[in-house]
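# Analysis of the macromolecular model
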Amino acid sequence: MWGHYTSSYAGFVMEFDATHDFFSCPPDAHSSAGTLTKVNYPDNRPTILLGEVTDDCVAQLLFSKAKNWEYEQEWRLVRRLASANSVLPGQPLDIHLFEIPPTAITAVIVGHRMSKENFGKVTAILTSPQYQHIALKRIQIHASKYSLTIEDATSWNSLDSDASRSSIAQDVLDSIASNKTR
């Protein structure tokens, strides 16, 4: 997730309360809501015959992903586009945005390569009354293992030295990888 979706640890990830009502509306209770659903990672792509499209077929398409992505352990929530809170013009299709209630967010986890400026923006947002319940954390590369840890982030100073060391270590790894591909 960090390498693919957060600009190589320079962005952030939001942690949600999966038991929040936002994620648990049964599909038939409200036409705009779906149910939080675990993604399947089959060996083969789902096949649908055009004359035999059923809700099960559509669910197979929406909640399936190639086996090599299984490590993500992804969950998805699908909503009807007509129920979007706002729509932005886009090409080739419009962009439909849905509001997530602040009470559904439990933490913001910043990457260890996040800039001081962006860290300041995140902390400023989290001081607003509707977001004060949200914990601020950081992702950290373990010093000796191939693993990540999540720690509380209290201020930029608590990140600075670790971020610098991690950035230097990542630069070394990037350099080694670059030399191997030559």
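The structure presented is a predicted model; accordingly, all values stated were derived computationally and were not measured.

With that settled, the discussion passes to the overall build of the chain. A tally of helices and strands in the chain yields four helices and eight strands. Ordered by position from N to C terminus, the α and β elements of the chain give α-β-β-α-β-β-β-β-α-β-β-α. Counting across all 182 residues of the chain, residues that qualify as buried make up 25%. Of the contacts formed within the chain by residues at least 6 apart in sequence, a portion of 60% connects residues at least 24 apart. For the chain, the accessible surface area stands at approximately 12,700 Å², while carbon and sulfur atoms represent 56% of it.

Turning our attention to the layout of surface pockets. The computed volume of the largest pocket comes to approximately 960 Å³. The residue inventory of the lining of the largest pocket, partitioned by class, reads 19 nonpolar, two polar and five charged.

Per the stated rule, a full pass over the model turns up four aromatic pairs. Summarising the aromatic geometry, the rings of Trp 2 and Tyr 9 are spaced 6.0 Å apart at their centres and angled 10° between planes, so their arrangement reads as stacked. Tyr 9 shares its class with Trp 2; the two are buried. Here the aromatic cluster, defined as three or more aromatic residues joined through ring pairs, consists of Phe 16, Phe 22 and Phe 23.

A few words now on the side chain of Ser 64. If you trace the backbone, Ser 64 turns up in the loop between helix H2 (55–62) and strand E3 (75–76). By relative accessible area, Ser 64 is classed as buried at 16%. Engagement of the side chain of Ser 64 in a polar contact is seen with the backbone oxygen of Gln 60, the distance being 2.5 Å. In contact with Ser 64, not counting residues within four places along its chain, are Val 39, Asn 40, Pro 42, Pro 46 and Arg 76.

Another aspect to go through is the environment of Ala 66. On the secondary structure map, Ala 66 appears in the loop between H2 and E3. Exposure remark for Ala 66: the relative accessible area of 39% places this residue in the partly exposed category. Once the C-alpha coordinates of Ala 66 and Asp 43 are considered, the two residues, 23 residues apart in sequence, prove to be 6.9 Å apart.

A few words now on the sheet that holds strand E6 (residues 105–110). Read across the open sheet, the four strands follow the order E1-E6-E7-E8; overall the sheet is mixed. Edge positions in the open sheet fall to strand E1 (12–16) and strand E8 (148–152), since each of these has one partner strand only. Between one strand axis and the next, the sheet turns through 30° on average, direction left out of account.

The omega angle of the peptide bond from Gln 91 to Pro 92 is 5°, so this bond is cis rather than trans. Within the fold, Pro 92 resides in the loop between strand E4 (86–88) and strand E5 (95–97). Non-glycine residue Ser 7 carries a positive phi angle of around 55°. Looking at the secondary structure, you find Ser 7 in the loop between helix H1 (2–5) and E1. Given the relative accessible area of 56%, Ser 7 is considered exposed.

Here we come to the confidence of the model for the chain. On average, residues of the chain carry a pLDDT of 83, and 81% of them reach 70 or more. The least confident element of the chain, judged by mean pLDDT, is helix H4 (residues 156–180) at 58; the most confident is E4 at 97. Predicted confidence is poor over residues 161–165, with pLDDT under 50, and the contacts of this stretch with residues over four places away or in other chains come to three contacts.

Looking now at the pattern of salt bridges. The final tally for this structure, using the stated rule, is six salt bridges. The salt bridge partner of Glu 74 is Arg 76, with a shortest N-O separation of 2.7 Å. It is possible to trace a salt-bridge network through shared partners that takes in Lys 65, Glu 72, Glu 74 and Arg 76.

What counts, and at which threshold
Residues numbered from 1 in each chain as written. Predicted model: local features only at pLDDT ≥ 70, side-chain atom pairs only at ≥ 80, totals over all residues. Heavy atoms only, no water. Helix = DSSP H or I, 4+ residues; strand = E, 2+ residues; numbered from the N terminus. Buried < 20%, exposed > 50% of the residue type's maximum accessible area, 1.4 Å probe, protein only. Contact = heavy atoms within 4.5 Å. Areas by Shrake-Rupley, 256 points an atom, 1.4 Å probe, with all protein chains shown as cover. 1 Å grid on protein atoms, 1.4 Å probe; cavity = no way out; pocket = protein on both sides within 12 Å on 5 of 7 lines; lining within 4 Å. Points joined across faces, edges and corners; volume = space filled by probe spheres on them. Nonpolar A, V, L, I, M, F, W, Y, C, P; charged D, E, K, R; others polar. Phe/Tyr/Trp six-rings, centres within 6.5 Å; stacked < 30°, edge-to-face > 60°. Polar contact = N/O pair within 3.5 Å; in protein donor to acceptor, adjacent residues only side chain to side chain. Pairing = 2+ DSSP bridges. Axes fitted to C-alpha atoms, helices over the stretch in contact; angles between N-to-C directions. pLDDT = per-residue confidence, 0-100. Salt bridge = Lys/Arg side-chain N within 4 Å of Asp/Glu carboxyl O.

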